[in-house]
Structures are given as C-alpha cells and as structure tokens.
Amino acid sequence: MPRALIVEDDRHIRELVALHLGLEDIESVEVADGREALDRLAAEPFDVVILDLMLPNVDGLTICRAVRRGGPNREVPILMLTARREESDKVLGLESGADDYLAKPFGTRELVARVRALLRRPRAGVAASPADQAVITIGRLTVDAARQQVRVDGRDVGLTAQEFRLVHLLASHPGIVYSRETLLERVWPEQTHVTPRSVDTLVKRVRKRIEDDPGNPRYLLTVWGTGYKFADA
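Residues numbered from 1 in each chain as written. Predicted model: local features only at pLDDT ≥ 70, side-chain atom pairs only at ≥ 80, totals over all residues. Heavy atoms only, no water.

### Remarks on the overall build of the protein chain
And step 1. Across its full length, the protein chain carries eight helices and 12 strands.
And step 2. Per-residue burial over the protein chain gives 48% buried out of 233 residues.
And step 3. Here the analysis covers contacts within the protein chain between residues at least 6 apart in sequence; of these, 58% occur between residues at least 24 apart.
And step 4. As displayed, the protein chain offers around 11000 Å² of accessible surface, 49% of which is attributable to carbon and sulfur atoms. (Helix = DSSP H or I, 4+ residues; strand = E, 2+ residues; numbered from the N terminus. Buried < 20%, exposed > 50% of the residue type's maximum accessible area, 1.4 Å probe, protein only. Contact = heavy atoms within 4.5 Å. Areas by Shrake-Rupley, 256 points an atom, 1.4 Å probe, with all protein chains shown as cover.)

Here it is in structure tokens:
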C-alpha cells in the first residue's frame, strides 16, 4: 500500500484528504506542523508528499528545498497545496522542487487523480529496460540510466526523478530539438494542467545543477522559438 505524508495545518482539509486517499488504498500519515514534517521526512520514506505552502514554524517551500537536498525522500513526488493562485507562487513552488501544484479550494477527485499520476511516475531506483541502460557521455557529463545517476567531472549531481527524466530524454537524443509541448507530454505524463512555463522552470533548475555557468549553458541549450535540446556529443 503506498504511503502518503499529508502536511497541512487545517485539520478539516487534512482529514478530508486522508479519507479520500484511504478510499483509494493509499495509507496516510498526517502532520500539522512544518518542523514535525521535516523530522518525519528525514526519518522514514514515503511514496508521495502532499505539502501545504503556509505552515506553522517551517513553511512548505523550505521543507521542499530541504527534502530535495538529500535523505530518504529526496526523490519523492511532492504535490504542493496553497491558497494562492498567482502564477509567481506556482513557479516558486516548482523551482523549490515540487512536482505538482494545486490551489485551494480544490476538488477531492482532482487531488486524488493528481496523487495517482505522481505515484505512477518512474522514480530513481526503478529498473530501466535493457534498451535504456546505456551510459551516455557528452563532454564532461555522463548519464547512467541504470543507476539513475548524472555526473559532471566525476561529481555526482543530485537530481529529482523529474529532473532526471528531462536530462535523460534530451541527452539520449543530442542535437534533437524538443518543443515545450513534447517535453510536457514526456516529462509530465498523463497530466494536462501543466503549462510550457513548467518546462522553463524545470530547465532552469537542471541548469543550476549541471552547468558551470547556468546563464551560458554548455549542455542544455535553448532553441529560441522552438524549445530545448542537448548539445551534440
């Protein structure tokens, strides 16, 4: 049974989410405080995290960044909840490492559908098919699909599962330009609510991790008016 960590200070919302996830055979652990959430996330693995933005003691953005830095839940899918609807807040959540974003008030059917979609996504540690297990080398960067690992100059680069999917897809086809729409379909499978801005945000995050100079990238290149590509090997 998948385990979800629900981090929400509103008891009514927290219990409502747990109830509907339980109907889908998803076990829930409920937390109302940001500091307690950090302790739980550092101590035990979860399959998905439903994280409110505004929390007592430690806010959701801080929790998201802390989780992505390392620990047993570094790759866990995170669905961020917020009462804010501005695009800037959504982008900030995605840049902090969230995989999805849902504004309050929301429908429970939509929330459950998004959680199910996150649980279906491939994650680091899942065995790759034989055709996808080759190690790709482009300049000083290597992508090892079997180990779900990216290295630059021999240094491990910590990527989320979503970030790794983007790098692996583009690095597997160097020089091929992918439109934002195609990347949405390949990196965000079975989701229709994300926008091309989500692609730009993810690219920005990846560049910070793999490029010496993110403002003048060597590997993950922009093709103006079209999309993105990886540099030729």
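### Observations concerning the sheet that holds strand β1 (residues 3-7)
One key point about sheets: their strands pair by backbone hydrogen bonds, in either a parallel or an antiparallel sense.
And step 1. With parallel pairing, the five strands of this open sheet are ordered in space as β2-β1-β3-β4-β5. Edge positions in the sheet fall to β2 (27-31) and β5 (100-103), since each has one partner strand and no second. This sheet shows a mean twist of 20° between the axes of neighbouring strands, independent of strand direction.
And step 2. Against the sheet, helix α1 (residues 11-23) touches β1, β2 and β3 (48-52), its axis set at about 170° to β2. (Pairing = 2+ DSSP bridges. Axes fitted to C-alpha atoms, helices over the stretch in contact; angles between N-to-C directions.)

### Looking at a nonpolar patch on the surface
And step 1. A surface patch of nonpolar side chains, amounting to about 280 Å² of accessible area, comprises Leu16, Leu19 and Leu23.
And step 2. With respect to the helices, strands and loops of the structure, Leu19 is situated in helix α1. (Patch = residues over 30% accessible without salt bridge, like charges linked within 9 Å, V, L, I, M, F, W, Y side chains within 5 Å. Salt bridge = Lys/Arg side-chain N within 4 Å of Asp/Glu carboxyl O.)

### Examining the side chain of Arg165
And step 1. Topologically, Arg165 is positioned in helix α6 (residues 161-171).
And step 2. Although Arg165 is buried, it forms no salt bridge, and the closest oppositely charged side chain is Asp99 at an N-O distance of 5.4 Å.
And step 3. A polar contact of 3.3 Å, which involves the side chain of Arg165, links it to the backbone oxygen of Val187. (Lys, Arg positive; Asp, Glu negative; His and termini not counted. Polar contact = N/O pair within 3.5 Å; in protein donor to acceptor, adjacent residues only side chain to side chain.)

### Here's the deal with helix α8 (residues 196-210)
And step 1. Spanning 15 residues, α8 covers 21 Å between terminal C-alpha atoms, matching the ideal 21 Å at 1.5 Å per step.
And step 2. Residues Ser198, Val199, Thr201, Leu202, Val203, Arg205, Val206, Arg207 and Ile210 constitute the buried set of α8. (Expected span 1.5 Å × (residues − 1).)

### Some words on the pattern of salt bridges
For side chains of opposite charge, pairing can occur when their charged atoms come near one another.
And step 1. Evaluation of the coordinates by the stated rule reveals 18 salt bridges.
And step 2. Among the salt bridges present, the one from Glu27 reaches Arg3, with a minimum N-O distance of 4.0 Å. With Glu27 in strand β2 and Arg3 in strand β1, the pair connects residues that are 24 residues apart, well separated along the chain.
And step 3. Bridged by salt links that share partners, the residues Arg3, Glu27, Arg40 and Glu44 form one connected network.

### Quick look at unusual backbone geometry
Outside of glycine, negative phi angles account for most residues, and trans bonds account for most peptide bonds.
And step 1. Of the consecutive residues Lys104 and Pro105, the connecting peptide bond is found in the cis state with omega at -5°.
And step 2. For Pro105, the location among the structural elements is in the loop between β5 and α5 (108-120).
And step 3. Unusually for a residue other than glycine, Asn57 sits at a positive phi of about 75°.
And step 4. Note that Asn57 resides in the loop between β3 and α3 (60-69).
And step 5. Phi is positive for Asp153, which is not a glycine, with a value near 55°.
And step 6. With respect to the helices and strands, the residue Asp153 is situated in the loop between β8 (149-152) and β9 (155-157).

### Some words on α1
And step 1. For α1, built from 13 residues, the straight-helix expectation of 18 Å at 1.5 Å per residue is met to within 8% by its first-to-last C-alpha distance of 18 Å.
And step 2. The set of residues buried in α1 consists of Ile13, Arg14, Val17, Ala18 and Leu21. Along the long axis of α1, the arc covered by the buried residues comes to 130°, so they all point the same way. Counted as exposed and oriented over 90 degrees from the buried face of α1: Arg11, His12, Leu19 and Leu23.
And step 3. Looking at the buried residues of α1, the elements they touch are β1, β2, β3 and α5. (Arc of directions from axis to C-beta.)

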